Amino acid sequence: MKRKNLYPNGNRGNRGPNPWFLAICVGVLLVSGAFLFIHLGTYALWDDEAETALGALSVWEKGDTSAKVGHNLNARRGGINLKEMADRLTPPLPTYLMAPFLGLGKPDSLHARIPFALCGFLSVGMILWFLCKQGASRATLVVFSLALLGNVSTFLYFRQARYYGLALGLALILIILYERGLFRPAERYLYSFLSFLLFFSHPIMFAQLQIAAFLDWVVFRRKMRGLPSGREILELTIPCLLCSLPLLFIWNPFLVKSKEYLDQVSFGDRLTLFWWNFRDLFRAEFISLISVVLAPWAYWQTRNPIILRSLLAIGAVVVTTSMLTYQPVSVTSVADIRYEIPAIWFGLALTTCVGTTVLATLGKGLGTCLLILFLWTNLGSGNYYPAFRWTYRDWE
């Protein structure tokens, strides 16, 4: 099938990157590298990071996620993750990724975090490459750079020795492959294999991406892309299934005690989780609230379908997370927002489209100043915490 131009307003492939484009890309990479790697090993591993690191040490020593690591017993919440003294709940790919860095390097916080920070650096480079391939304008690149470098959550998640960085990187590749159309068999096989890797990095994020892609195809891309053939469907599914099924006999939440938690979340609880998951996207500064508020105006001005597609994808992430997570609402008042990190990519796409519309309407000078104000402070994030309480010194 011949590849169609999915971005009719772009100029993909007709020009090479100009010096300004290259200069901005290099600058973004340098600043991103500083955000990702400076003082990466300064702080000790926190609770979940230490759990991943213990699993990685076990993998390096024994080849499996054994619960016994030296004099340590890796058994959280009374061993809900264990079966026959091995972790069979935690998706294993991040643990196996970390293992050689601890085994060949030092078992410290720096070496534990390096592979995930590298995922972040490669992800930034991948987005810039994608924008170059799509023939993005200088204004698009500038707005995207402001949105990315002002998104603190992105870099903080990549700086942690958990599944976050790996899952974010895999999700980004899947999004880019989908955007490129999946016209060639090699692209479909790669999409399926990377979906398998994402599934064993975090199954909820796997579900988020697949549901978002399906809804996007039904609502927006079906007429442009056409119905996939039977062969294309097999190429998109068989590699993922063949790789996943054997491992599900080893790592599976339904084989350990954690399955008991699934029945403790009622439908009413899931409605509560839906609100929390939506609200905390902005409180955790994953997405700029001002971008969502201005999205209808920006779409009315430009008729850019990426605006609506981004909003649909964000909604898919929120709903999928609310339906699949087993977070108890009785012991907290906030969402487990870490399960929604793929929404960061969709939020950046939305912010870039809205921001370029602001530049076109207000001019480069005023528009850039307002974007910096709203994207680099909490004014545009929706994260407001006015505190009215007395403070006092304890009697000495």
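## A few points about the pattern of salt bridges
As a working rule, side chains carrying opposite charge can pair if their charged atoms are close by.
Part 1 of the argument: Under the criterion given, the structure shown has 16 salt bridges.
Part 2 of the argument: Across the pair Glu-232 and Arg-188 runs a salt bridge whose closest N-O atoms are separated by 3.6 Å. Note that Glu-232 is positioned in helix α10 (residues 230-248) and Arg-188 in helix α8 (residues 185-199), a separation of 44 residues in sequence. Note on accessibility: Glu-232 and Arg-188 belong to one class, buried.
Part 3 of the argument: As a salt-bridge pair, Asp-216 and Arg-309 come within 2.7 Å of each other at their nearest N and O atoms. Of this pair, Asp-216 sits in helix α9 (residues 203-225) while Arg-309 sits in helix α14 (residues 305-324), placing them 93 residues apart in sequence.

## Describing helix α15 (residues 343-362)
Part 1 of the argument: Its 20 residues place the ends of α15 28 Å apart at the C-alpha level, agreeing with the 28 Å of an ideal helix rising 1.5 Å per residue.
Part 2 of the argument: Here α15 lies mainly inside the structure; 15 of its 20 residues are buried.
Part 3 of the argument: One or two residues past the end of α15 sits Gly-363, with phi positive at roughly 95°.

## Observations concerning the layout of surface pockets
Part 1 of the argument: Considering only enclosed or pocket space, the second largest pocket measures out at about 1,000 Å³ in volume.
Part 2 of the argument: If you trace the second largest pocket, you find 36 residues lining it, with Leu-89, His-202, Ile-204, Tyr-326 and Tyr-339 closest to the centre.
Part 3 of the argument: Here the lining of the second largest pocket is composed, by residue class, of 20 nonpolar, eight polar and eight charged.

## Considerations on empty space enclosed by the protein
Part 1 of the argument: Inspection of every chain in the model, using the stated rule, returns two cavities of 30 Å³ or more.
Part 2 of the argument: Of the pockets and cavities examined, the largest cavity occupies roughly 100 Å³.
Part 3 of the argument: Lining of the largest cavity is provided by Glu-51, Thr-52, Gly-55, Thr-65, Ser-66, Asn-74, Asp-87, Thr-90, Pro-91, Pro-92, Thr-95 and Arg-162.
Part 4 of the argument: Per-element tally for the lining of the largest cavity: the top contributor is helix α2 (residues 47-62), with three residues.
Part 5 of the argument: Looking at the lining of the largest cavity residue by residue, the classes come out as two nonpolar, seven polar and three charged.
Part 6 of the argument: Here the second largest cavity is characterised by a volume of approximately 50 Å³.

## Focus: the packing of helix α12 (residues 267-283) against α14
Part 1 of the argument: Two elements in contact, α12 and α14, have axes separated by 8 Å at closest approach and are oriented at 140°. Relative to α14, α12 is oriented oblique. Seen along the crossing, α12 lies across α14 with a hand that is right-handed. Here Arg-270, Leu-273, Phe-274, Asn-277, Phe-278 and Leu-281 of α12 lie close against α14, whose contacting residues are Ile-314, Val-318, Val-319, Thr-321, Ser-322, Met-323 and Leu-324.

## Quick word on the confidence of the model for the chain
Part 1 of the argument: For the chain, the average pLDDT comes to 88, and 90% of its residues sit at 70 or higher.
Part 2 of the argument: Within the chain, helix α11 (residues 259-262) has the poorest average pLDDT of any element, 64, and helix α7 (residues 163-179) the best, 97.
Part 3 of the argument: Every residue in residues 4-14 scores below 50 in pLDDT, and together they form 22 contacts with partners more than four places removed in sequence or on other chains.
Part 4 of the argument: For residues 385-396, every residue scores under 50 in pLDDT, and the model assigns this stretch one contact once sequence neighbours within four places are set aside.

Criteria and thresholds
Residues numbered from 1 in each chain as written. Predicted model: local features only at pLDDT ≥ 70, side-chain atom pairs only at ≥ 80, totals over all residues. Heavy atoms only, no water. Salt bridge = Lys/Arg side-chain N within 4 Å of Asp/Glu carboxyl O. Helix = DSSP H or I, 4+ residues; strand = E, 2+ residues; numbered from the N terminus. Buried < 20%, exposed > 50% of the residue type's maximum accessible area, 1.4 Å probe, protein only. Expected span 1.5 Å × (residues − 1). 1 Å grid on protein atoms, 1.4 Å probe; cavity = no way out; pocket = protein on both sides within 12 Å on 5 of 7 lines; lining within 4 Å. Points joined across faces, edges and corners; volume = space filled by probe spheres on them. Nonpolar A, V, L, I, M, F, W, Y, C, P; charged D, E, K, R; others polar. Axes fitted to C-alpha atoms, helices over the stretch in contact; angles between N-to-C directions. Parallel < 35°, antiparallel > 145°, perpendicular 65-115°, else oblique. Left-handed = near helix turned anticlockwise from the far one by under 90°. Contact = heavy atoms within 4.5 Å. pLDDT = per-residue confidence, 0-100.

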